[in-house]
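Spelled out, the chains give:
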Amino acid sequence: MGDFDFLTGSWTVANRMRAKWLVSSDDWNEFPATSRCVPFLDGAANTDEIAFPTRGYTGLTFRLFDQDRKEWSIWWVDSRRGVLTPPVAGRFAAGVGTFYGDDTHGEVPVRVRYLWSRMTPTSARWEQAFSTDGERTWETNWIMDFTRAVE
């Protein structure tokens, strides 16, 4: 239930995002962010707000732990659209959190994968990837490297 306890607190975030998604682009954009994660319900829920100052928007993540299924569901919303994305769901095993869901990118149906890895008291990595071929191949399109901020 406390799988996301490592994320509690404030972070600086180095982002790498593909300039174009699902077109085999090797052009990446890099930009900073700051994030703050707050736990709720004794670790069964948490939320974080992330600010992208050079991009001019903020985002909010909601994570809830399903006690019966023993898995997390994760939703994302940002200030550009104000619409919750469909959730991804999954769990942590062997030090990696893997979460899957269905969404669209433009008009294209995509399978979404989030990976949480490299968790330490002072760092973590999040990656987002899309598959358009039934999970045979994945294109990682966004990587966030988290570094603990001094509070």
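Not measured: the values here are computed from a predicted model.

## Some details on the sheet that holds strand 10 (residues 139-148)
Then, in step 1: The strand order around the closed barrel formed by 10 strands is 1-2-3-4-5-6-7-8-9-10, and the pairing between neighbours is antiparallel. Within this sheet the neighbouring strands show an average axis-to-axis angle of 25°, counted without direction.
Then, in step 2: Bridge analysis of strand 1 (residues 9-18) against strand 2 (residues 28-40) gives 10 bridges, and the strand direction is antiparallel. Residue pairing for strand 2: Val13 is matched across the bridge by Ala33.

## Things to note about the pattern of salt bridges
Then, in step 1: Inspection of the entire model under this criterion finds 11 salt bridges.
Then, in step 2: Notably, a salt bridge pairs Arg91 with Glu71, separated by 3.7 Å at the nearest N-O pair. Of this pair, Arg91 sits in strand 6 (residues 88-93) while Glu71 is found in strand 5 (residues 71-78), placing the two residues 20 residues apart along the sequence.
Then, in step 3: Taken together, the shared-partner salt bridges connect Asp66, Arg69, Glu71 and Arg91 into one network.

## Remarks on the packing of aromatic side chains
Then, in step 1: As enumerated under the stated definition, the model contains 19 aromatic pairs in all.
Then, in step 2: Put simply, the rings of Phe4, Phe6, Trp11, Phe65, Trp72, Phe92, Phe99, Trp116 and Phe146 touch in pairs and so form one group of aromatic residues.
Then, in step 3: Above the face of the Tyr57 ring, Arg80 is positioned so that its terminal group lies 3.8 Å from the ring centre.
Then, in step 4: Directly above the ring of Trp138 sits Arg113, whose terminal nitrogen or CZ lies 4.5 Å from the centroid.

## Quick look at a nonpolar patch on the surface
Then, in step 1: There is a patch of nonpolar side chains on the surface, built from Val38, Phe40 and Leu41 and spanning about 280 Å² of accessible area.
Then, in step 2: Here Phe40 lies in strand 2.
Then, in step 3: Note on Phe40: relative accessible area 43%, which makes it partly exposed.

## Here's the deal with the nonpolar core
Then, in step 1: In terms of nonpolar packing, the biggest core is built from 31 residues, with Phe4, Phe52, Phe99, Trp116, Trp142 and Phe146 touching the most fellow members.
Then, in step 2: Among the elements that take part in this core, strand 8 (residues 108-117) stands out by supplying 4 residues, more than any other.

## Focus: the environment of Ser131
Then, in step 1: The topology assignment puts Ser131 in strand 9 (residues 123-131).
Then, in step 2: With residues near it in sequence (within four places) discarded, Ser131 still touches Pro109, Val110, Arg111, Arg136, Thr137 and Trp138.
Then, in step 3: Separated by 2.8 Å, the side chain of Ser131 and the backbone oxygen of Thr137 make a polar contact.

Reading the values: the criteria
Residues numbered from 1 in each chain as written. Predicted model: local features only at pLDDT ≥ 70, side-chain atom pairs only at ≥ 80, totals over all residues. Heavy atoms only, no water. Pairing = 2+ DSSP bridges. Helix = DSSP H or I, 4+ residues; strand = E, 2+ residues; numbered from the N terminus. Axes fitted to C-alpha atoms, helices over the stretch in contact; angles between N-to-C directions. Salt bridge = Lys/Arg side-chain N within 4 Å of Asp/Glu carboxyl O. Phe/Tyr/Trp six-rings, centres within 6.5 Å; stacked < 30°, edge-to-face > 60°. Lys NZ or Arg CZ within 6 Å of the ring centre and 35° of its normal. Patch = residues over 30% accessible without salt bridge, like charges linked within 9 Å, V, L, I, M, F, W, Y side chains within 5 Å. Areas by Shrake-Rupley, 256 points an atom, 1.4 Å probe, with all protein chains shown as cover. Buried < 20%, exposed > 50% of the residue type's maximum accessible area, 1.4 Å probe, protein only. Core = buried A, V, L, I, M, F, W, Y, C linked by side-chain atoms within 4.5 Å. Contact = heavy atoms within 4.5 Å. Polar contact = N/O pair within 3.5 Å; in protein donor to acceptor, adjacent residues only side chain to side chain.

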